[in-house]
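# Observations on chain architecture
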Amino acid sequence: MKIVTVRRISQIFFFVLFVWFCIVSTVGEKFWQIRAWPVNWFLQLDPLVAIGTILTTHTLYMPLLWALATVILTIVFGRFFCGWVCPFGSIHHFVGFLGNRRIKTAEKIRLNRYRKAQRVKYFILIVFLFMAAFPSIDATLQVGLLDPISLVSRSFNLLLLPIVDKSINFISVSARFYEGAWLILAVFFVAILLNFVIPRFYCRFICPLGALFAILGRFAIWRIGKNKSECINCKLCEQSCEGGCEPAGKIRISECVLCFNCRQDCPYDIISYQNKSSLDGEITNPDISRRGFVLSLVGGIVAVPAIRLSGKLAGNWYHGIIRPPGALPEEEFLKRCIKCGQCMRICPTNVIQPGGIDGGLENLWTPVLNNRIGSSGCQLNCVACGQVCPTSAIRPITLDEKKGVGEFAEVGPIKLGTAFIDRNRCLPWAMDKPCIVCEENCPVSPKAIYTQEIFETIREGILTISKVSGNVIEVQETIMPERFASGDYYCVLDGQRRKIKANTEDAIEISFDEDIEKIPAAGTKIEVQVRLQRPYIDIEKCIGCGVCEHECPVSGKKAIRVSAEGETRNSDRKLLLKS
Amino acid sequence: MEPNRYRAGHLESAISFCLLALLFILAVGVVVKQADYDMSRFGIYIEKTGAGEFSVMRVSAFVPAGFETLSRTEIYIPGNLYEKINGKAPLYIESGFEKLYTQRFVSKGNDSLWMELFVYDMANVKNAFSVYSVQKRADVELLPNMLFAYQTANSLYFVHGRFYIEIVGSAETPELYKAMTDIARKFISDVAIDKAMQIEELTLFPRENLVTGSSKLYLRSTFGFEGLNNTFVARYILDGHIITAFFSKRSDGQDAQKVAKNYYNFLIENGGRAKPIANEDLRRLQIKVVDFYGTTEFVFAIGPFVAGAHEAESQYSAERMAVMLINSLSKAVNND
Amino acid sequence: MTESNDKKIQRRQFLARVGKAGVSIAAAGFITCKLYDKQGPKAGVDIGSLVTLPDFSVPDKPGQVISIVKGASRVKAVNKAIELLGGIKRFINEGEAVAIKPNVAFASPPMLGATANPELVAEVVRLCYKAGARQVIVTDNPINDPSSCFKLSGIGKAASNAGAEVILPRPNLFKHTMLTRGKLIKNWPIFYGPFARADKLIGIAPIKHHHRAGASMSMKNWYGLLGGRRNIFHQDINTIIAELAMMVKPTLVILDATQVMMTNGPTGGSVKDLRWANTMIASCDMLAADAYGCTLLDLKVSDLPYLIKAQNAGAGTTDYESLKPIFATVS
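These remarks concern the structure in this document.

With that out of the way, let us pick up the overall build of chain A. Each helix and strand in chain A was counted, giving 21 helices and 15 strands. By residue count, 58% of the 579 residues in chain A fall in the buried class. When the accessible surface of chain A is summed, it comes to about 23500 Å², and 59% of that surface belongs to carbon and sulfur atoms.

So, about unusual backbone geometry. Although it is not a glycine, Lys235 of chain A adopts a positive phi angle of roughly 65°. You can see Lys235 of chain A is positioned in the loop between strand E2 (223–226) and strand E3 (251–252).

We now examine the packing of helix H3 (residues 47–57) of chain A against helix H12 (residues 208–216) of chain A. Residue and element names in this part refer to chain A. Packing of H3 against H12 brings their axes to within 9 Å, and their N-to-C directions diverge by 85°. As the angle between them shows, H3 and H12 are arranged roughly perpendicular. Where H3 abuts H12, its residues Pro47, Leu48 and Ile51 lie against Pro208, Leu209, Leu212 and Phe213. Partitioning the contact of H3 with H12 into residue classes produces 7 nonpolar, no polar and no charged.

Next up on the list: a positive patch on the surface. Where like charges cluster on the molecular surface, the positive patch consists of Lys276 of chain A together with Lys7, Lys8, Arg11 and Arg12 of chain C. Mapped onto the elements, Lys7 of chain C comes out in helix H1 (residues 2–35).

Accessible area lost during the coming together of the parts is what is often quoted as the interface size. At the junction of the two partners, chain B supplies 35 residues and chain A supplies 41 residues. For the pairing of chain B and chain A, the buried interface totals around 3500 Å² over both sides, and the portion due to carbon and sulfur atoms is 65%. Counting across the chain B and chain A interface gives 1 salt bridge. A salt bridge links Glu12 of chain B to Arg263 of chain A, with the shortest nitrogen-to-oxygen separation between them at 2.3 Å. Taken together, chain B and chain A are joined by 8 residue pairs in polar contact (both at pLDDT 80 or more). Broken down by secondary-structure element, the contributors of at least two residues to the side of chain B that touches chain A are helix H1 (10–35) and strand E1 (46–48) of chain B. Counting residues per element, the side of chain B that touches chain A draws most heavily on H1 of chain B, at 13 residues. Broken down by class, the residue content of the side of chain B that touches chain A amounts to 20 nonpolar, 6 polar and 9 charged.

Throughout the structure, instances matching the rule amount to 34 salt bridges over all chains. For Arg534 of chain A, the salt bridge is made with Asp432 of chain A, and the minimal N-O distance between the two is 4.0 Å. Of this pair, Arg534 of chain A sits in strand E14 (residues 525–537) while Asp432 of chain A is found in the loop between helix H19 (427–431) and helix H20 (437–441), placing the two residues 102 residues apart along the sequence. With relative accessibility at 10%, the residue Arg534 of chain A sits in the buried group. Accessibility expressed as a relative area gives 24% for Asp432 of chain A, which makes it partly exposed. For the salt bridge of Lys178 of chain B with Asp182 of chain B, the shortest nitrogen-to-oxygen distance reads 3.5 Å. With Lys178 of chain B and Asp182 of chain B both in helix H6 (residues 174–190) and 4 residues apart, this pair spans about one turn of that helix. Because the salt bridges share partners, they merge into one network encompassing Arg323, Glu330, Glu567 and Arg569 of chain A.

Glancing now at the environment of Arg154 of chain A. Residues and elements named next belong to chain A. Among the structural elements, Arg154 can be located in helix H9 (residues 148–168). With relative accessibility at 1%, the residue Arg154 sits in the buried group. For Arg154 and Met344, which are 190 residues apart along the polypeptide, the C-alpha to C-alpha distance reads 9.2 Å. Residue contacts for Arg154: discarding those within four places in its chain leaves Gly144, Leu145, Leu159, Ile184, Ile338, Lys339, Cys340, Gly341 and Trp365.

Take the pairing of E14 of chain A next. All names here are of chain A. Bridge analysis of strand E9 (residues 449–469) against E14 gives 12 bridges, and the strand direction is antiparallel. Note on E14: the bridge partner recorded for Glu456 is Val530. Relative to E14, strand E11 (residues 489–493) is paired through 4 bridges, and the arrangement is antiparallel. Bridging from a neighbouring strand, Val492 pairs with Glu527 of E14.

Now for the packing of helix H8 (residues 120–133) of chain A against helix H14 (residues 290–308) of chain A. All names here are of chain A. Taken N-terminus to C-terminus, the directions of H8 and H14 make an angle of 40°; their axes are 8 Å apart at the nearest point. Here H14 runs oblique to H8, going by the angle between their axes. H14 is crossed by H8, and the crossing has right-handed handedness. On the side of H8, the interface is formed by Phe123, Ile126, Val127, Phe130 and Met131, while H14 contributes Gly292, Phe293, Ser296, Leu297, Gly300, Ile301, Ala303, Val304 and Ile307.

Our next topic: H9 of chain A. Residue and element names in this part refer to chain A. Across its 21 residues, H9 extends 28 Å between first and last C-alpha, which sits within 8% of the 30 Å expected from 1.5 Å per residue. Phe156 marks the point of greatest bend in H9, at about 35°. Of all the 21 residues making up H9, 15 are buried; the element is thus mostly covered by neighbouring parts of the structure. Asn169 occupies a position one or two residues after H9 and carries a positive phi of about 50°.

Attention now goes to the side chain of Asn503 of chain A. All names here are of chain A. Here Asn503 lies in strand E12 (residues 496–503). A polar contact of 2.8 Å, which involves the side chain of Asn503, links it to the backbone oxygen of Met480. When near neighbours in sequence (up to four residues on either side) are disregarded, Asn503 contacts Ile479, Met480, Pro481, Glu482, Arg483, Phe484, Ala485 and Ile508.

On the surface, Phe94, Phe97, Leu98, Leu185, Phe189, Leu193 and Phe196 of chain A cluster together to form a nonpolar patch covering roughly 660 Å² of accessible area. Listed by contribution, the elements that provide at least two residues to the nonpolar patch are helix H6 (87–100) and helix H10 (181–193) of chain A.

Below, the discussion takes up the interface of chain A and chain C. Facing the 33 residues of chain A at the interface are 30 residues of chain C. Approximately 2800 Å² of surface area, both sides summed, lies buried where chain A meets chain C, with 67% of it carried by carbon and sulfur atoms. Linking chain A with chain C are 0 salt bridges, by the criterion used here. At the junction of chain A and chain C, the tally comes to 8 residue pairs in polar contact (both at pLDDT 80 or more). Contributing elements (two or more residues each) for the side of chain A that touches chain C: strand E1 (60–61) and helix H4 (66–77) of chain A. In terms of residue count, the dominant contributor to the side of chain A that touches chain C is H4 of chain A (5 residues). A breakdown of the residues in the side of chain A that touches chain C according to their chemical character gives 18 nonpolar, 6 polar and 9 charged.

The next thing to look at is the packing of aromatic side chains. Counted under the stated rule, the structure contains 57 aromatic pairs over all chains. Measuring from ring centre to ring centre gives 5.4 Å for Phe18 of chain A and Phe156 of chain A, while their planes differ by 80°; the resulting arrangement is edge-to-face. Within this pair, whereas Phe18 of chain A is found in helix H1 (residues 3–24), its partner Phe156 of chain A is found in helix H9, the two being separated by 138 residues in sequence. For the pair Phe18 of chain A and Phe156 of chain A, a shared accessibility class is recorded, and that class is buried. Here the basic side chain of Arg162 of chain B rests over the ring of Phe163 of chain B, its NZ or CZ set 5.9 Å away from the ring centre. For the cation-ring pair, Lys220 of chain C lies above Tyr223 of chain C, with the distance from its terminal atom to the ring centre recorded as 4.6 Å.

Formed by 144 residues in total, the largest nonpolar core has its most connected members in Phe81, Phe88, Phe188 and Ile560 of chain A. At 11 residues, the largest contribution of residues to this core is made by H1 of chain A. Beyond its immediate stretch of four places on either side in the chain, Phe188 of chain A contacts Phe88, Ile91, Leu151, Val152, Ser155, Phe156, Leu159 and Leu160 of chain A. Among the nonpolar cores identified, the runner-up in size contains 62 residues, and Leu173, Ile237, Val253 and Leu323 of chain C belong to it.

Attention shifts here to the environment of Ile9 of chain A. Secondary-structure assignment places Ile9 of chain A in helix H1. When its relative accessible area of 33% is taken as the criterion, Ile9 of chain A is described as partly exposed. A C-alpha to C-alpha distance of 8.6 Å links Ile9 of chain A and Trp84 of chain A, two positions 75 residues apart in sequence. Those residues in contact with Ile9 of chain A that sit more than four places away from it in its chain are Leu20 and Leu23 of chain B.

In this section: the pairing of strand E3 (residues 97–102) of chain C. All names here are of chain C. Of all 6 residues that make up E3, 6 are buried, and the element is covered over most of its length. Side chains of E3 alternate between two faces, with Ala97, Ala99 and Lys101 and Val98, Ile100 and Pro102 buried alike. As paired strands, E3 and strand E4 (residues 135–139) are joined by 4 bridges and run parallel to one another. By the bridge assignment for E4, Ile100 is matched with Val138.

A word on the environment of Phe158 of chain B. Residue and element names in this part refer to chain B. One can find Phe158 in strand E8 (residues 155–160). Once the C-alpha coordinates of Phe158 and Ala128 are considered, the two residues, 30 residues apart in sequence, prove to be 9.1 Å apart. Excluding anything up to four places from it in sequence, Phe158 contacts Tyr132, Met146, Phe148, Ala149, Phe163, Tyr164, Ile165, Ile167, Ala184, Phe187 and Ile188.

The rules behind these values
Residues numbered from 1 in each chain as written. Chains lettered and ligands numbered in written order. Predicted model: local features only at pLDDT ≥ 70, side-chain atom pairs only at ≥ 80, totals over all residues. Heavy atoms only, no water. Helix = DSSP H or I, 4+ residues; strand = E, 2+ residues; numbered from the N terminus. Buried < 20%, exposed > 50% of the residue type's maximum accessible area, 1.4 Å probe, protein only. Areas by Shrake-Rupley, 256 points an atom, 1.4 Å probe, with all protein chains shown as cover. Axes fitted to C-alpha atoms, helices over the stretch in contact; angles between N-to-C directions. Parallel < 35°, antiparallel > 145°, perpendicular 65-115°, else oblique. Contact = heavy atoms within 4.5 Å. Nonpolar A, V, L, I, M, F, W, Y, C, P; charged D, E, K, R; others polar. Patch = residues over 30% accessible without salt bridge, like charges linked within 9 Å, V, L, I, M, F, W, Y side chains within 5 Å. Salt bridge = Lys/Arg side-chain N within 4 Å of Asp/Glu carboxyl O. Lys, Arg positive; Asp, Glu negative; His and termini not counted. Charge placed at Lys NZ, Arg CZ, Asp CG, Glu CD. Buried area = accessible area lost by both parts, 1.4 Å probe. Polar contact = N/O pair within 3.5 Å; in protein donor to acceptor, adjacent residues only side chain to side chain. Pairing = 2+ DSSP bridges. Left-handed = near helix turned anticlockwise from the far one by under 90°. Expected span 1.5 Å × (residues − 1). Bend = angle between axes of the 7 residues up to and from the residue. Phe/Tyr/Trp six-rings, centres within 6.5 Å; stacked < 30°, edge-to-face > 60°. Lys NZ or Arg CZ within 6 Å of the ring centre and 35° of its normal. Core = buried A, V, L, I, M, F, W, Y, C linked by side-chain atoms within 4.5 Å.

Put into structure tokens, the structure is as follows:
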């Protein structure tokens, strides 16, 4: 069996496995739901994630230990991950293949020659690594922007899957939404379409993980090379070369992705996978100039302080960033989040969304709650997001910790923020319309929303009596029939307030139990009042879950909105002194 | 040079097959890993209660054959129980209610056939029995193989350990009924309970003439009197008359005497008239007899028990009831 | 020949690569072991990185705990007050580093009495050097902008003229602390840097009426050590002042009652808010100092709940009489 065949099977295997992991990331017990599927395995195998978090946090989080296996295998065998495992790479490989099927061999060889621009991925890697390393106060993890596993995970989970599932509704009963998905689409499709320009464009020119593997694989014990000296330089080996490594001449080991196509295509059986150097010479080092290296280094070091000048991590912090329960304090969070979108994928209520840059550049594609989207704010009894975060940017908390019970009773529940009532928009506050939807839906016990009763005279609510008979008051004005029949309206007569049962065009019927002792004369004025329950927030109890915001009937700009003040994860945003 | 396209040699084939085997092992490993799952880490499914873990997932797992779950399992605590059962909530809350799990099931073949399962966690078997017994409808069919269970045309009610279960169906069809008994059977076999379901006090009721399944436990107040809490009540038919017997175990003899006296005073204050007792033995035991708007009430204390008869249609049957009770309770007192 | 040479070169290259690969793997393994984190990040700040303020107090000398000196000249009064307690050498040893924490809370001119008097601060600096201190630092974490506060209050210039180093607050001088017996100071940043290096700590504060707390004297002076968004503690002002007294153990506090701000504290604004009381208090027990000081504001101990709270927590005593205060007058 040819090695190329195995390589293809391996690519298909890992691609299918990856897509399967995306599909099963739903909370539930069925076979196609989360159970204990290791949905983060690809991210855990990814050494760029591991090294990035080592640089920012100076620890290696246990689940990322898988990356050590990848590193060791790469050191020994070369960039097998790129050619055999990476699902993003497999997509590029396939699209490149599709694009180049009808092209003449000579043109294919030309497309696959080594280009100097293949250095760019090293610069990208260096910039990311230095943003993560220096200085430790301002370090930030931005590898997730271009890391292929994060990128492809985002693209499938937040873009392709919801689009496909919209019509078949298999994964989710109702359509799922993800804000800013257009940008994820743009990046994904541009990356894919570039394969029609040059095959494996992303892998050769952009991928920082590939750059990392190239550096790690420099001393690979086994490598592609010529094992005979009779090469006639026909260059047929390069017609399907995936890495752009020029096996026809001095092979560039760091660019080789072990696709073995050259071995397949060589008509003279000159190329093999061997532990001796290629007979026509090799270039092991990545081709970066010192100038390029220094520029990237400086860029990486300066970038973060420059970004942070906006003060978004200091006094100018953006109140609209509400992070999932269990998220670390913001500075620590930004050192761990790889923007993979797993938390957004698994959230049962679809409330976790990819962030935009309104909270600062570093906020892009990090998880932010948007209570208007999805089925209901952050459900009280759910801690799914922390369970799937590969780097513990969202800690895997227990339900006890989230709700502040058991051993966490002293600390209290985790607050995501606090709800604030916009009295200018709230129906009972500003419009004299009864409504307590927010109070009814508040899930904590005792509720964090309480109401106070108040009676307000309605517009054109002063009516003139023409006649009173029994419990029916006839008035001179014309009123809309049944306008006061909802049980919220009262009429004030002689200083006494009585509930209105119903009304016709010209008469109001009050409740039977309340007799009118003294029949008023015609011409007496009565006031019609509406009973309002005006909501107040008890900020000691509010956990910022957003259910109230989700349910508020003022559906555009909600009359009650959660804001990040009071979130427990950042102690300097406390609203109250806790005693 | 001659074109000599390579053919995979032995070494290459061997390595290729090894790699394929490796892929296969990986696949198997992934499948094995996923089977060992613990849904509680996602939070939304598990609540721990006293008698070990009672997984909400198991509630939906009681789905009977031919049915499937309809909507999510709902969980209620004392603070929001009102939202589900409205005015009935105080009854449960005052009886030690801890948690309610509800789950709807719908027939796979017929949308209009569905039922809702209510599992009330009442913290202990006495509380569960109490809410079961005080809500028990009159003239219902007791289920033969279960201690505390009855059915109506469209519903099923029973007690299992600390849990009181109601299953209410949308229609009165045999299909639904069979599904309900399925659920009950599964519940009883799957849910472990701390001890045997016996409520010892119930054995203190004399066996003869007892109307089966009529025993109740009132936790808060009995016959309108709050001093009579934690009281067991059962119905008897003596000489063709219905009579209710009751007893309550107090902390000691002194307390029992006090409660008996208070109940007697309560009856008198509310319009009862004291009557003399004919029976000599009973008089010696200081039994109080009250004529209450035409029916006879007995109340006395024996040992740590307050006991008596309620709404007896004749004094004679009341006296008989009293004698039976005294016999039964004195045995219990002597055995202690 | 070339063949076997080639083979040799090949083998050497191979071995070199194996060696490099081995070293890389070993390095990767080593880094993994060292940095391996099984638990992942925890909520809140690591206990290991919390700091505690050192205890700056000197051994007790009964009868020489608190001195109260009457006189119109601050310089003379403070000298006398310290002399009565055993002289500056009792408190400062030769070669020690001394941190002085005056009240520099506002960018307010000295004559309004909202901040410590610059002459007084300079005199205390001078006294410390006289005792042989190797370094004297004058520092505070003001409410208004630090450099304006030190400048406009006159303290900055006075201190540096006397030879002290003025340290303004910077973010990296703040560290988190936790008061074990406290409710409020739990994992809160404090201005730590200058005090970590010091051997002795002297607090200098004027007596002022305070709208929220009732009075601002030697105990409230330590509010300047709190960092972060400390205005949140105004919601429970008495507890926080009591906890400050538990957290800070100074060598000596100097409570300047030469001019007392009777109303409109803590910022005052008019000379009319001030009254000449011509008193200087030096004390090793800041509760006693405040207890005496409040009388100059026409208040009683019971008017200041933080005093009792602090006393109950064992930070000192409000019964200054029992400490046998030494009274004196200077012309």
